[in-house]
Amino acid sequence: MPVTAVVGAQWGDEGKGKITDLLAQEADVVIRFQGGNNAGHTVVNQHGTFKLHLVPSGIFNPNALCIVGPGTVVNLQVLCEELANLERNGIRTGNLRVADRAHLLMPWHVAIDRLDERERGRQKLGTTGQGVGPAYADKVSRHGIQVYEVRDERRFRERVAHELERQKKVLERYGDAPLDAKAVADEVLAAAATLGDRIVDTLPLVERALQTDARILLEGQLGAMRDLDWGIYPYVTSSNPLAGGASVGAGIPPRYITKVIGVVKAYSTAVGEGPFPTEMAGGEGDALRERANEYGATTGRPRRVGWFDAVAARHAHRLNAFTELAVTKLDVLGAYREIPFCVGYELDGALTTDMPPTAVLERAVPRYEKLAGWCDPLSGVADRAHLPEAARAYLSRIEAVVGAPIGMVGIGPERSATLL
Ligand code: GDP
């Protein structure tokens, strides 16, 4: 296996956790390269059902080294809770490492996330409220605290006190109570002590893995439509979920990433605000949401649901050059006689297949083809060739409009319900 990036080709929640868990059975190293505990990667395997927020989805392979990469922002307390929960369920987590160059997500980031959303009012972004955006904002504005800084307790306490002094003014402006520097530092240092020597410089580990041709998986969070540079700004995440982001965020030189798997749902979903052209209205959307259990893994919020959007998926392919696609949740579409399939947008009297910028996208009207449904549950199907003809035609249409071949097809949430 070359170095493989597993990235989202839509608005996120495509099923990257499931695909990573599956591929991780054959991997030596799995790295989460961006984001924080706003992620909610659902994994269903022989150990049970897990919603992973920071821990890479490779954690179920005890032989794989799992790295929370330098490009992430880490709430150490949340990470410790997540590890404890895995351990309670019999999963050994000794194979986890945390990059010491990752940035700490501190309690004030959580408070500011919440307060900032409140202040935005009707312009709110619909964040998960976990503090990820403010943590990245501090990183970029050179106020962030990196994980390694916990090693020098005295200096760390000074840093926390200094940053809190600055943040106090922000919290006061919002009318929020100040945080106590000692309590905050105690909490983070206690979590750091729990992690102990699992906090490391990950670059030598990754370099050694590359030198020994180890099989490396890079696990992305969210999807191209939420990319900071190429998504629906400002309704985006604060990092780059693209394969290009994987290189920087994991510490892997770009030329080593030879395989990029774009995970794409057979339809579309989005959590949070922003344009979503193929969104289903009213009862139709409610029915699909219930059937497919489309509720956010981190917040429990109902996900917005829509038909497959080839413009969005092709936009993702243009940016990622997928070597293959993994289509998930094909089983969910088994209830329809006819399936609308968006092949372009009508804008100002013309048809386009290019992704316009956000404010223009708000006005886009999807142009649909109607594809035949198959009205069949897909359980028990063992390979793509044995899918109903209409389901095969649906997959072929995705390949044609996106321009990348499909290598995997999900027909159920379990690891085993995947056609290779
Ligand atoms: P991620 O954040 O990209 O890992 O995606 P989520 O875990 O947030 O959402 C994907 C959801 O779809 C999870 O509940 C998965 O268990 C589920 N899932 C993944 N693949 C399939 C599939 O092929 N069929 C069905 N029915 N569910 C799937």
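Up top is the structure.
Only a predicted model underlies this, so the values are computations on that prediction, with no experimental measurement involved.

A. Looking closely at the pattern of salt bridges. For the structure shown, the criterion picks out 31 salt bridges. For arginine 155, the salt bridge is made with glutamate 149, and the minimal N-O distance between the two is 3.0 Å. Since its relative accessible area comes to 33%, arginine 155 is described here as partly exposed. For arginine 304, the salt bridge identified is with glutamate 279, shortest N-O distance 2.9 Å. Placement of the pair is arginine 304 in strand β13 (residues 304-306) and glutamate 279 in the loop between β12 (268-270) and α9 (282-292), with a sequence separation of 25 residues.

B. Focus on the sheet that holds strand β19 (residues 406-410). Taken together, 10 strands build an open sheet; the order of strands is β9-β7-β5-β2-β10-β1-β11-β15-β19-β20 and the sheet is mixed. Each edge of the open sheet is held by one strand with a lone partner, namely β9 (199-200) and β20 (418-419). Taken together, the four bridges between strand β2 (residues 29-32) and strand β5 (residues 65-68) define a ladder with parallel strand orientation. Counterpart to arginine 32 in the pairing with β5 is valine 68.

C. Representation of helix α8 (residues 243-250). Within α8, six of the eight residues are buried, which leaves it mostly tucked inside the rest of the structure. Three or more residues of α8 are buried, namely Ala243, Gly245, Ala246, Ser247, Gly249 and Ala250. In this structure, the buried residues of α8 make contact with β1 (3-8), β2, α7 (203-211), β10 (216-223), β11 (257-265) and α10 (310-320). Glycine 251 lies just past α8 and shows a positive phi near 80 degrees.

Procedures and definitions
Residues numbered from 1 in each chain as written. Predicted model: local features only at pLDDT ≥ 70, side-chain atom pairs only at ≥ 80, totals over all residues. Heavy atoms only, no water. Salt bridge = Lys/Arg side-chain N within 4 Å of Asp/Glu carboxyl O. Buried < 20%, exposed > 50% of the residue type's maximum accessible area, 1.4 Å probe, protein only. Helix = DSSP H or I, 4+ residues; strand = E, 2+ residues; numbered from the N terminus. Pairing = 2+ DSSP bridges. Contact = heavy atoms within 4.5 Å.

Any functional reading would require information beyond the geometric quantities listed.
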